[in-house]
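Below are the chains, spelled out letter by letter.
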Amino acid sequence: PNDQIEPDPNKKTLVILGTGWGSVSLLKKLDTENYNVVVISPRNYFLFTPLLPSCTTGTIEHRSIMEPVRNILRHKRASVKFYEAEATKIDYEKRIVYAKDDSEIKGESVEAEVPFDMLVVGVGAENATFGIPGVREHSCFLKEVGDAQKIRKQIMDCVETASFKDQSPEEKKRLLHTVVVGGGPTGVEFAGELQDFYMEDLRKWIPDIKEYFQVTLVEALPNVLPMFSKQLIDYTESTFKEEHITIRTKTMVKKVTDKTIEAEVTKPDGTKELEVMPYGLLVWATGNAVRGVVKDLMQQIPAQKDARRGLNVNEYLVVNGTENIWAVGDCAVANYAPTAQVAAQEGAFLARLFNTMAKTDEIEQQLKELSAKQAVAKNGDRDAILDEIEERQRQLRRIKQIGPFKYSHQGSLAYIGAEKAVADVSWLSGNFASGGTLTYLFWKSAYLSMCFSTRNRMLVVMDWLKAKFFGRDVSRE
Ligand code: FAD
Ligand code: NAD
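In this convention, every chain numbers its residues from 1, walking through the sequence in written order. All chains are assigned letters beginning at A, and all ligands numbers beginning at 1, according to the order in which they are written. With the structure being a predicted model, the display of local features is reserved for residues of pLDDT at least 70 and the display and counting of side-chain atom pairs for 80 or more, all residues being used for whole-chain, interface and lining totals. Computation of side-chain values: all heavy atoms of the structure, hydrogens and water removed.

Turning to the site of ligand 1, a few remarks are in order. In the vicinity of ligand 1, 30 residues are found, and the nearest of them are Gly22, Thr49, Ala87, Asp330 and Tyr447. In protein, a polar contact requires one atom able to donate a hydrogen and another able to accept it; more generally it is a pair of N or O atoms within 3.5 Å, and residues adjacent in sequence count only if both atoms are side-chain atoms. With respect to ligand 1, the backbone of Gly122 contributes an N or O atom lying 3.4 Å from an oxygen atom. Within the backbone of Asp330, one N or O atom sits 2.8 Å away from an oxygen atom of ligand 1. Starting from 990 Å² of accessible surface for ligand 1 in isolation, the protein chains cover 89%. Nearness is judged by heavy atoms alone; a residue qualifies as near a molecule or strand once a single heavy atom is within 4 Å of it. Method for areas: the Shrake-Rupley scheme with a 1.4 Å probe, in which residue coverage is limited to the protein chains shown.

Turning our attention to the packing of aromatic side chains. Classification of ring pairs rests on two measures: the distance between centres of Phe, Tyr or Trp rings, Trp counted by its six-membered ring, which must be within 6.5 Å, and the angle between planes, read as stacked under 30 degrees, edge-to-face over 60 and tilted in between. Summed over the entire model, instances satisfying the criterion amount to 15 aromatic pairs. Ring geometry for Tyr35 versus Phe354: centroids 6.2 Å apart, planes at 65°, classification edge-to-face. Of this pair, Tyr35 sits in the loop between helix H1 (21–29) and strand S2 (36–41) while Phe354 sits in helix H10 (residues 340–376), placing them 319 residues apart in sequence. Pair check on accessibility: Tyr35 and Phe354 agree, each one buried. Taking the centre distance of 5.5 Å and the plane angle of 65° together, the rings of Phe349 and Phe405 count as edge-to-face. For helices the rule is a DSSP run of H or I covering at least 4 residues; for strands it is a run of E covering at least 2, with both sets numbered from the N terminus onward. Relative accessibility decides the category of a residue: with a 1.4 Å probe and only protein chains considered, values under 20% of the type maximum give buried, values over 50% give exposed, and everything between is partly exposed.

All right, on to the state of the cysteines then. What we call a disulfide is simply a covalent bond connecting the sulfur atoms of a pair of cysteines. Cysteine sulfurs are considered disulfide-paired once they come within 2.5 Å of each other. Under the criterion given, the structure shown has 0 disulfides. Cys140 forms no disulfide, and the closest cysteine sulfur to it belongs to Cys158, at a distance of 8.8 Å.

Turning to the sheet that holds strand S12 (residues 214–218), a few remarks are in order. Here the rule is simple: two strands pair whenever DSSP picks up at least two bridges between them. Strand order in the open sheet formed by 4 strands is S13-S12-S11-S17, and the pairing between neighbours is parallel. The sheet is open, and its two edges are formed by strand S13 (245–248) and strand S17 (281–284), each paired on a single side. Between one strand and the next, the sheet's axes are offset by a mean angle of 20°, whatever the strand orientation. Alignment of strand S11 (residues 177–181) against S17, held across 4 bridges, turns out to be parallel. Its bridge partner being in S17, Val180 is matched across the sheet by Val283. To obtain an axis, a line is fitted to C-alpha atoms, over the contacting stretch when the element is a helix, and the angle between two such axes runs from 0 to 180 degrees between their N-to-C directions.

Throughout this description, the term salt bridge denotes a Lys or Arg side-chain nitrogen within 4 Å of a carboxyl oxygen of Asp or Glu. Considering all chains together, one arrives at 20 salt bridges under this definition. For Arg77, the salt bridge is made with Glu33, and the minimal N-O distance between the two is 2.9 Å. In this pair, Arg77 is assigned in the loop between helix H3 (69–73) and strand S5 (81–84) and Glu33 in the loop between H1 and S2, connecting sequence segments 44 residues apart. Note on Arg77: relative accessible area 55%, which makes it exposed. Measuring nitrogen to oxygen at the nearest pair gives 2.8 Å for the salt bridge that ties Glu171 to Arg174. Residue Glu171 and its partner Arg174 are located together in helix H6 (residues 169–175), separated by 3 residues, close to a single helical turn. We classify Arg174 as buried; its relative accessible area is 13%. Connected through salt bridges with shared partners, the residues Glu200, Asp201 and Arg472 form a single ionic network.

Dropping the structure here:
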């Protein structure tokens, strides 16, 4: 790696926000020699989110699916600056990102202005709560490492509190009732993981809780996993039934208190009824909302006035209404689902685009110099220069042929518990839907191969083996 520390005034400054799927995939393939690259993110690691639900029960330890961003950057050819900070505001007109160090340890410099020529917004999304009262105060989300750690701790706290002397049966039932709100893949995967934990470890280690332990998945729509085929939805619902996970569809949560949720249930005859469910642990997984910093940027750009779910981008991922800002992943709206697969492909596309743009700039500069030379050259030299100009122009046309971003869908996969998974995979011969134990092995190997590094892969395999042979660790941190 290049040890150059100061920015090169001859190069454009490219600022990248976030260290998630979109930004890291861009960084991996970006030729950093072409720009002064600055990365700003409150998280100094990449997180492999598909295995995050497994961290809530200790099947996988969270550090096994984290990759330090410093490790990614030290392998780049030119040095990249990384600031562990949150972008609090993007000033589109002034071309400045305002960054704030929000971590526990503060230095003299806490807030800074970072100017940019080009900006990539890859800050992901926030948890949607729809303004439902009590959600933020009383529930656990499942998006970041800290969320998974909090859930893991609370599961064991509920179990140990329920086992405390003289706890009444009603209170035991409440404490050992986990309610998961949102029947998307996050909610389904978490419910499956928790039931596995109970079946494989908890009920053996703490038999007293057997009569009381219950997981309920609450979904407002008529079925769970709306992005999967009907066959796989049915398979998931029947597997949950066998595993004794209760699914409550057509049930929309309206209010949350410290011990209960209140939901509006639509009955088969179409009438609605309010139901109160006591809970010990509440996990809220109702999808994505737009981050404040992104909303603020949307308001500065007139062309974004109709944008709702994130920054509207064109087919080159340029934020509509701008020419030097791009957006990737969950904060961009490009007509694809907010998934890691999409974000990773978008990031890789931007790397190709930026590498190409740098080459184009270089050739255009050479062309300028050659034209100037040609103007003052003698007759004999002029032909040679003209040949060179033509060759450069041919190169330029070839490079500029980079097409718009096209997403290639590799399929959807989700773990549903009891060593079963569902997969909607589009391979050469059309669509292929499958569910069951073989699919589970496919899920395991697919996710393992997608892990960021060999180190991550080894750690995940070791965690799986450890949980299989010794059981999950039930100590509460
Ligand atoms: P993220 O990966 O969320 O990264 C956002 C980054 O921005 C983070 O580094 C964050 O710290 C940083 N950031 C936040 N705010 C700021 C700020 N103000 N300034 C600077 N940086 C900021 N998708 C799949 O395709 N397959 C799966 O199996 C799958 N499983 C999932 C399981 C779970 C539990 C979850 C929560 C999601 C899952 N997803 C899956 C969805 C997938 O994780 C997201 O679509 C993906 O992470 C989006 O990538 P991103 O780069 O847009 O955002
Ligand atoms: P989601 O948006 O997919 O699902 C949220 C669900 O919550 C919806 O079905 C919605 O009807 C329900 N809901 C909303 N408000 C409710 C309320 N008040 N009461 C009851 N139910 C309510 O969210 P997610 O599961 O967090 O997923 C987010 C994104 O990440 C999606 O694009 C998803 O595909 C992706 N993801 C993929 C995987 C995978 O491929 N295995 C895993 C996790 C997440």
